[in-house]
Amino acid sequence: MRGYVKRVTQKAEKLSKEQLLGLLDAVADENESLYSLLESLSTGLIIVNNDFKVIRNNTIAESRLPFSVHLEDMITQEQPLWECIEDEEISDFLKDCYAKEITNSSEDFSVVTSGGSVRFITITISPLMHNCELCGKIILINDITEKRNQDVLLHRMENLANLTNLAAGMAHEIKNPLGAISIHIQLVQKAIKKARENENILPPAKFVEDHIDIVNEEIEHLNKLVMDFLLAVRPVKASLELKEPDKLIAALVDFLKPEFKKEGFSVDFKAEGKGKRIMLDEKLFRDVIMNLAQNALAALKSNRDSGKSGFFRIETCLCENKFVIKISDNGCGMSEETVAKIFEPYYTTKANGTGLGMTMVYKITKEFSGEIFVDSKENEGTLFTLEFPVPQKGTKLLPSEN
């Protein structure tokens, strides 16, 4: 149809009024068909010129992005697209693509709807070509929330597979306090029976009370075991959003420094994540770093007599499509046996430890679609390496026409 219209317009002067009206009707019909096709897309679409001013869009684009003005008003006012986006990160992304003349790029973002729920979108920018020349950009907005939710569900199902081992560990842990309670109750019963047989003469002072104190202690121990078990089996309810881990870690390091320095240990943070964002729950991410930091502090205290200057260090970097966090110390380290069991429920080397701290670190890391590795040597130190996927982003520049 486009070729037909082009040929006819070249001979427009020779056409009759009826032929011109017929041509206009044909063009209008094709334009209406194209508009209907545009509106039928499940993907948000915005077409901009080289100055990022909106030329055309479909309705769904307005529901996918947080606009401060109506798109029709943007077309009338000829404002650059980034000036009308309320989300600062999306606005900066579009402005950066304009400033650097990026013609192919894709990045993930999290946005909050008017109802308060979090949605995840992918914004893809492609070149708009006309007669082999770049005349603008095509911006696609895809909602990937359901895919993200399916990924989270898959990880939760994998975590449920560990419940058998967790329940077995819980049963083993409960046996000891139950046995102690049984023994001390039997001793109290025997003492009472003996007193009744001996003209109700009471046993020595505090005899019964001492046994009851132990029973109460064991009951408290059981209660703690049950609470820890519930914490361990409860699914991690992560509210995932795209966050910059470097910023979160920097704030945590500032919080941790006084405690480490009070004990005479140095704290270092080297951020080379280049401002990348990954899918995180800010509170749970903080729990992971804090748990590893507290373990490092305990290891440094245990190794204080070694004569070495104790340090705690966090480094971040990008490796291929992964955001890598390395957390290290030169504390007492761990044996090969401990390293092999460190993420198992109820395994602990601390006298007052629950054995669930590192289990939670592992669960949270997996909830973020990440991996965690540990390398440790006794009396030398420990290194934890956490790897998280970085949302895919491709960038390609088209050569400019001279």
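Look a little higher up for the structure.
Everything numeric here is computed off the predicted structure, so don't read it as measured data.

Q: Quick rundown of a negative patch on the surface? Include the residues and the values.
A: A cluster of acidic side chains, namely Glu209, Asp210, Asp213 and Glu217, defines a negative patch on the protein surface. Its location among the elements puts Glu209 in helix 8 (residues 207–233). According to the relative accessible area criterion, Glu209 is partly exposed, its value standing at 43%.

Q: Now, about the sheet that holds strand 7 (residues 266–272): what can you tell me, with residues and values included?
A: The five strands are arranged 7-9-10-12-11 in an open sheet whose pairing can be described as mixed. The sheet terminates laterally at strand 7 and strand 11 (371–377), the two strands that pair on one side only. Taken over all neighbouring pairs, the strand axes of this sheet differ in orientation by 10° on average, direction set aside. In this structure, strand 9 (residues 311–319) lies alongside strand 10 (residues 322–329), joined through eight bridges in antiparallel fashion. Counterpart to Thr316 in the pairing with strand 10 is Ile325. The strands that helix 9 (residues 245–262) touches are strand 7, strand 9 and strand 10; relative to strand 7, the one it contacts most, it runs at about 170°. Strands in contact with helix 10 (residues 282–302) are strand 9, strand 10 and strand 12 (381–389); relative to strand 10, the strand with the most contacts, it is inclined by about 25°.

Q: Can you tell me about the pairing of strand 3 (residues 104–112), naming the residues and giving the values?
A: Of all nine residues that make up strand 3, seven are buried, and the element is covered over most of its length. Pairing analysis gives eight bridges linking strand 3 to strand 4 (residues 118–130), with the strands arranged antiparallel. In the strand pairing of strand 4, Ser110 is matched with Phe120.

Q: Lay out the packing of aromatic side chains in plain terms, naming residues and giving numbers.
A: A complete count under the given rule lists seven aromatic pairs for this structure. With a centroid separation of 6.1 Å and 50° between ring planes, the pair formed by Phe52 and Trp82 is classed as tilted. With Phe52 in the loop between strand 1 (44–49) and strand 2 (54–57) and Trp82 in the loop between helix 4 (71–77) and helix 5 (88–99), the pair connects residues that are 30 residues apart, well separated along the chain. In terms of burial, Phe52 and Trp82 fall into one category: buried. Ring centres 4.9 Å apart and planes at 15° place the aromatic pair Phe260 and Phe312 in the stacked group. Of this pair, Phe260 sits in helix 9 while Phe312 sits in strand 9, and the two are 52 residues apart along the sequence. Using a relative accessible area of 0% as the deciding quantity, one classes Phe260 as buried. A residue is classified by how much of its surface remains accessible, and Phe312, at 0% relative accessible area, is buried.

Q: Explain the pairing of strand 10 to me, and be specific about the residues and the numbers.
A: The side chains of a regular strand alternate, first on one face of the sheet and then on the other. Burial analysis of strand 10 places six of its eight residues in the buried class, the great majority of the element. Where strand 9 folds back onto strand 10 in an antiparallel hairpin, the turn is made up of two residues, including Glu320, whose phi is positive at roughly 55°.

Q: Can you explain the environment of Lys377? Please cite residues and give values.
A: Tracing the backbone shows Lys377 in strand 11. For the pair formed by Lys377 and Gly331, sequence separation is 46 residues and the distance between their alpha carbons is 9.5 Å. If we ignore the near neighbours within four places in the chain, the residues touching Lys377 are Cys332, Gly333 and Met334.

Q: Provide a residue-level description of the pattern of salt bridges, including the pertinent values.
A: As a working rule, side chains carrying opposite charge can pair if their charged atoms are close by. Tallying each qualifying case throughout the model produces 13 salt bridges. One salt bridge connects Arg277 with Glu107, and the closest N-O pair in it is separated by 2.9 Å. Pair noted here: Arg277 is in the loop between strand 7 and strand 8 (278–280) and Glu107 is in strand 3, with a separation of 170 residues, a long-range link. We note that Arg277, like Glu107, is buried. One salt bridge connects Arg304 with Glu263, and the closest N-O pair in it is separated by 2.8 Å. Of the two residues, Arg304 sits in the loop between helix 10 and strand 9 while Glu263 sits in the loop between helix 9 and strand 7, which places them 41 residues apart along the sequence.

Q: Which residues make up the environment of Arg64, and what are the values?
A: When you line up the elements, Arg64 lands in helix 3 (residues 59–64). Among the residues examined, Arg64 registers a relative accessible area of 16% and is labelled buried. Counting along the chain gives 56 residues from Arg64 to Phe120, while the straight-line C-alpha distance between them is 9.4 Å. Aside from chain neighbours lying at most four places away, what touches Arg64 is Ser42, Thr43, Gly44, Val111, Ile121, Ile141, Asn142 and Asp143. A polar contact of 3.0 Å, which involves the side chain of Arg64, links it to the backbone oxygen of Ser42.

Q: Run through the packing of helix 10 against helix 12 (residues 357–367), naming residues and quoting values.
A: For the pair helix 10 and helix 12, the least separation of the axes is 10 Å and the interaxial angle reads 140°. Handedness of the crossing formed by helix 10 with helix 12: left-handed. Counting all contacts with helix 10, which are made through Leu284, Asp287, Val288, Asn291, Leu292 and Asn295, the residues of helix 12 involved are Gly357, Met358, Val361 and Ile364. Of the residues contributing to the contact of helix 10 with helix 12, the split by class is six nonpolar, three polar and one charged.

Q: Lay out the packing of helix 9 against helix 10 in plain terms, naming residues and giving numbers.
A: For any two helices packed against each other, one specifies the inter-axial angle together with the distance between the axes. One way to put it is that helix 9 packs onto helix 10 with a least axis distance of 11 Å and a crossing angle of 35°. At the point where helix 9 passes helix 10, the crossing takes the right-handed sense. Each of Pro245, Leu248, Ile249, Leu252, Phe255, Leu256, Glu259 and Phe260 in helix 9 lies in contact with helix 10, whose residues at this interface are Glu282, Phe285, Arg286, Ile289, Met290, Ala293, Gln294, Leu297 and Leu300. Grouping the amino acids of the contact of helix 9 with helix 10 by side-chain chemistry returns 13 nonpolar, one polar and three charged.

Here is what the cut-offs are and how they apply
- Residues numbered from 1 in each chain as written.
- Predicted model: local features only at pLDDT ≥ 70, side-chain atom pairs only at ≥ 80, totals over all residues.
- Heavy atoms only, no water.
- Patch = residues over 30% accessible without salt bridge, like charges linked within 9 Å, V, L, I, M, F, W, Y side chains within 5 Å.
- Areas by Shrake-Rupley, 256 points an atom, 1.4 Å probe, with all protein chains shown as cover.
- Salt bridge = Lys/Arg side-chain N within 4 Å of Asp/Glu carboxyl O.
- Lys, Arg positive; Asp, Glu negative; His and termini not counted.
- Charge placed at Lys NZ, Arg CZ, Asp CG, Glu CD.
- Helix = DSSP H or I, 4+ residues; strand = E, 2+ residues; numbered from the N terminus.
- Buried < 20%, exposed > 50% of the residue type's maximum accessible area, 1.4 Å probe, protein only.
- Pairing = 2+ DSSP bridges.
- Axes fitted to C-alpha atoms, helices over the stretch in contact; angles between N-to-C directions.
- Contact = heavy atoms within 4.5 Å.
- Phe/Tyr/Trp six-rings, centres within 6.5 Å; stacked < 30°, edge-to-face > 60°.
- Polar contact = N/O pair within 3.5 Å; in protein donor to acceptor, adjacent residues only side chain to side chain.
- Left-handed = near helix turned anticlockwise from the far one by under 90°.
- Nonpolar A, V, L, I, M, F, W, Y, C, P; charged D, E, K, R; others polar.

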